[in-house]
Each structure stands twice: as C-alpha cells, then as structure tokens.
Amino acid sequence: MRESEGGHNSYDVLILGGGPAGAATGIALKRLDSGLHIALIEKSDYSSFRIGETLPPHAQAVLRGLGVWDAFIATSPMTSYGTRAAWGNAEPYENEFIFSLHGNGWHLDRNAFDAMLRAEAIKAGVDVHINSAPCGPPRRHQHWALPVRIKGSTCELNARFMVDATGRHSWFASRLGVRYQVYDQLAAIFAFYRFDPGSIAVDNCTLIEATQHGWWYSAMLPQSRMAVAFMADAPYLRQISWRSLEEWRSLHGATSHTRRRIENAIPLGTPTLCSAASRRLEIPVGEDWLAVGDAASTFDPLSSQGIIKGLHSGVCAARSICRYVRGHKGALAEYANFIERQYSNYLVARSAYYRVEQRWPDSPFWQERQKTLQLGPEHELQMPATGDVSSDAPARGLSKLSTSAGTDHSSWVSSHKT
Ligand SMILES: Cc1cc2nc3c(=O)[nH]c(=O)nc-3n(C[C@H](O)[C@H](O)[C@H](O)COP(=O)(O)OP(=O)(O)OC[C@H]3O[C@@H](n4cnc5c(N)ncnc54)[C@H](O)[C@@H]3O)c2cc1C
C-alpha cells in the first residue's frame, strides 16, 4: 500500500469485490498502466462453494488476452463438449461445441478459478486483501474515502476512482442510491454432489431439462463432482418444500433425465437458494466510479455467459478508467453505452430461447419468459453517448479482446446452456 501524506492508505483505483470481474479489472488496469496503484478488497477467502461453472469456448480469447491462459489450464478445468437439452421437447437433443468456431468449452472448479484470477492479480501488482470488506459508507471529498475492515482491523482507504465488482448486490452503487431495473424473479436452488471414482460414467455435457415450473441443469465438475440447480420464479419456490435433502430429492425425483443422472451421486451438503434474476443498474457509471460484471448487469444462467461477461466488462472498464483518469471525461459514458447495448441484445436473445419451449402454455413461468422485454423507460443515460468501448482501438497487450465483445446473439447461440 502507498501511504499518503495524511497517513491514510491511498490508491489510484480501489476495486470492491474479487470475483472474475473485479480480478479482471485489476489485471487489465495493471497491464495498461503498470504505474497505477490499485487495491482489491474481497470479503471472502474463496473457500465456500461458488455457483456458475460453465465457460463457453470463446472464453479462451479473453483469458489469453488477459495473460492468464496458462494459469487457467493449470487449474485443470474439465473439457466440455456441449450440452444436451430437453427443451421444447421431452427427448434431449445435443448441442455440441464441435460446431463452434472456438472449439470446446470448460467446466470449472469455481473456487479454484476465482482464486487463480486473484493470484494473477497479485502477480500483476494489485494489492489484494481477502477477508476484508467496507465497514461504513463511502465519502467523497475530492477523492473517495472508505472505511474498510482488513483482517480484523479498521482503516480508511482513499482512492481517486472506485470500481464496484461486488456481484449482483452492487454494494457500492447501492450505497450511492443508484436504482436498478429488475426484469424477472428467477431464483436458483442448487446443490453439489460427488461420485465415487469409477462408480458410473457420467458424460461431461451440461444437461438442461425444462419442466412446467422452471428448468433444471446439471454439470459435471472437476474431481468427480457435479452441480445441480433448479431454476424457477422466487414466489413459486417460496410455496414448495426443498430445504431438506429429502424434500430436494423428491423435487428432482419428478424430473425425467436429471433424476437418472444423479441417482448414484452423493450430496455434499444441503441445497442453497440464490437469486438468478436478470437485472441491471440504470446507470453503471458516475463521477469517478463504475460497476463491472454482475454489479452492473446480470444475465439468466441459461446463457452461461456471466463469467465471460464479467471478464470482458473488466477489460472494457479498465480501458475506460485509464482514458478517464488521463482526462477523457467521455470515456465513462462510452462504457455505460456498451453495457446498455449489450443488455439490450441479451434481452432479445433471452426471449428467443425461452420461446422455443411451448409445452406449458398455461404456466406463469413460461408465459413470463416469453414476453418481449425492453430496457425500460428509465434506460436513457444522463451522459452524452460518444462511442463504443468494445470497438476502441486495441489497448496495449489486450488486442485479442477487441473482437470478443460481450454477448451478442451469436455468442449466446454457441454457448448457452441449451
Ligand atoms: C445458478 C447460477 C448458475 C450460473 N451458471 C453460470 C455458468 O454456467 N456460466 C457462467 O459464465 N455464469 C454462470 N452464472 C453467473 C456467474 O456466476 C456470474 O455472472 C459471475 O460470477 C459474475 O462475476 P462477478 O465477478 O461479476 O461477481 P461474483 O462472482 O458474484 O463476485 C463478486 C465478489 O465480490 C465479493 N463481495 C461481495 N460484496 C462485497 C463487499 N461488500 N466487499 C468486498 N467484496 C464483496 C464476493 O465475495 C465475490 O467474490 C450462474 C449464476 C447462477 C446464479
């Protein structure tokens, strides 16, 4: 840490949240300008289970562009050759990555993946503090000042620029009172399993199974583990029983394909509920701050795009921050524009995929999903729209990323869970 004259810890950029988006922002910033002093504050120690495990084939370009490809391969991700989906039809059909220009995808040990990115951020020169979190509201007087609890003791960190990478709760933007737009009430109940080595041969495709009130997915993970999730609307999940293993078993017992896939698996703990709603900040930037990854916008897990979106937004954010601190005040508006356009494309793709399933026309879950959604009346930005971050001239050391722009319709087609 750098000590300022006032005795506080002073940084150029302070990143809150050390998931894929926060780590990518830190790494990309250091690659663009090694002289920047950057701190990353992460509240966890990366030890508890994290959900979100499938990386689509085109992630390779982003990981290579960030300079973390070798470290990624060293985490031994499991090769994924595609998906099998009972979607729109009772019998599953295959959607193989073999037809993707980018090759195969991967199933991750998410904790190992996130910890790898943290290690790469440290290697790049970012001051990373785990088990640390803000313990009071941010204040602003020329620079940002934030009380932070770092490994048990409280200190005040100062920063010229703040990045909100705290995931779907958008801790920092919420403290500033930034509103967000919510598009659905999707929630996930998920559980992890393990297989005794050699007990059965489970293929390493992701399996998707649509049901009347939502859909299931199951994905093999490294070390003979599997993630299983049921995606449905939060009000429906409040009406049913799922918390005990017994109740959870009877829930997946009513499926056709998922049930067979996990009948020999051993549960690792009880099921957990989390939000999977599609939502976005109305404005993901402000004076001397911006939001990246899920803190800026979240996608339906059907897309399998959340991690790559987080990495890519971190890279785009880093470019914009570098330009902004050098005096290009329009750089943040460009970033905000990029996030908005990406979200608009996402909403179109989301409705198109859900419309494929027509077996339950009276189900509120499917009726809601098949509506045409738009960004919303409040989406207009308060700032001039001046360009497209993703099509900027390639930044130093990150040129491969300029062609792998976030989530257009075609990238979803090649990588979504169905
Ligand atoms: C059921 C489900 C399945 C999914 N499946 C996939 C998938 O197959 N593929 C895919 O690509 N995506 C998937 N996703 C989405 C994916 O997990 C997220 O999009 C991705 O993790 C977003 O990365 P992020 O860095 O923005 O946020 P996160 O991964 O949420 O990271 C945020 C970090 O900030 C930390 N933090 C939070 N608050 C604070 C605070 N106040 N101070 C300091 N630190 C803080 C957290 O500990 C965390 O480490 C899935 C999501 C769900 C819900």
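Just above, that's the structure.
Residues numbered from 1 in each chain as written. Predicted model: local features only at pLDDT ≥ 70, side-chain atom pairs only at ≥ 80, totals over all residues.

Enquirer: Honestly, helix H2 (residues 59-66) in this entry has me stumped. Any pointers?
Expert: Spacing of three or four residues puts side chains on the same side of an α-helix, whose turn is 3.6 residues. Burial runs high along H2: 6 of the 8 residues are buried. The set of residues buried in H2 consists of Ala59, Gln60, Val62, Leu63, Gly65 and Leu66. On its buried side, H2 packs onto helix H1 (20-32), strand S3 (54-55), helix H3 (69-74) and helix H9 (306-325). (Buried ≥ 20, exposed ≤ 12 C-beta atoms within 10 Å, placed from the backbone. Helix = DSSP H or I, 4+ residues; strand = E, 2+ residues; numbered from the N terminus. Contact = placed C-beta atoms within 7 Å.)

Enquirer: Sorry, what's going on with H1 here?
Expert: Taking 1.5 Å per residue as the helical rise, H1 with its 13 residues ought to reach 18 Å, and the 18 Å between its terminal C-alpha atoms agrees with that figure. Along H1, 11 of the 13 residues are buried, which leaves the element largely enclosed by surrounding structure. Where H1 is concerned, the buried positions are Pro20, Ala21, Gly22, Ala23, Ala24, Thr25, Gly26, Ile27, Ala28, Leu29 and Lys30. Summarising the contacts, the buried residues of H1 are in contact with strand S1 (9-16), strand S2 (38-41), H2, helix H4 (110-124), strand S12 (153-164) and H9. (Expected span 1.5 Å × (residues − 1).)

Enquirer: Is there a simple way to think about the packing of H1 against H9 in this case?
Expert: The relative placement of two packed helices is expressed as an angle between their axes plus a distance between the axes. At a minimum axis separation of 7 Å, H1 and H9 run at an interaxial angle of 35°. Considering the relative orientation of H1 and H9, their crossing is right-handed. Residues Pro20, Ala21, Ala24, Thr25, Ala28, Leu29 and Leu32 of H1 lie in contact with H9, whose contacting residues are Ile307, Gly310, Leu311, Ser313, Gly314, Val315, Ala317, Ala318, Arg319, Ile321 and Cys322. (Axes fitted to C-alpha atoms, helices over the stretch in contact; angles between N-to-C directions. Left-handed = near helix turned anticlockwise from the far one by under 90°.)

Enquirer: Could you clarify how one ought to interpret the nonpolar core in this entry?
Expert: Proteins that are soluble and globular tend to have nonpolar side chains buried together. Counting 113 residues, the largest nonpolar core has Val13, Leu14, Ala229 and Tyr335 as the members making the most contacts within it. Broken down by element, the residue count for this core peaks at 12 residues, all from helix H10 (residues 331-355). Setting aside residues up to four positions removed in sequence, Val13 forms contacts with Leu29, Leu36, Ile38, Ala159, Phe161, Val163 and Ile321. (Core = buried A, V, L, I, M, F, W, Y, C linked by C-beta atoms within 7 Å.)

Enquirer: For this particular structure, what's the right way to read the environment of Ile51?
Expert: If you trace the backbone, Ile51 turns up in the loop between S2 and S3. Judged by local crowding, Ile51 falls into the partly exposed class, with 16 C-beta atoms found within 10 Å. Discounting chain neighbours no more than four positions away, the residues touching Ile51 are Ala188, Phe190, Ala227 and Cys274.

Any link to function would need more than the numbers given here.
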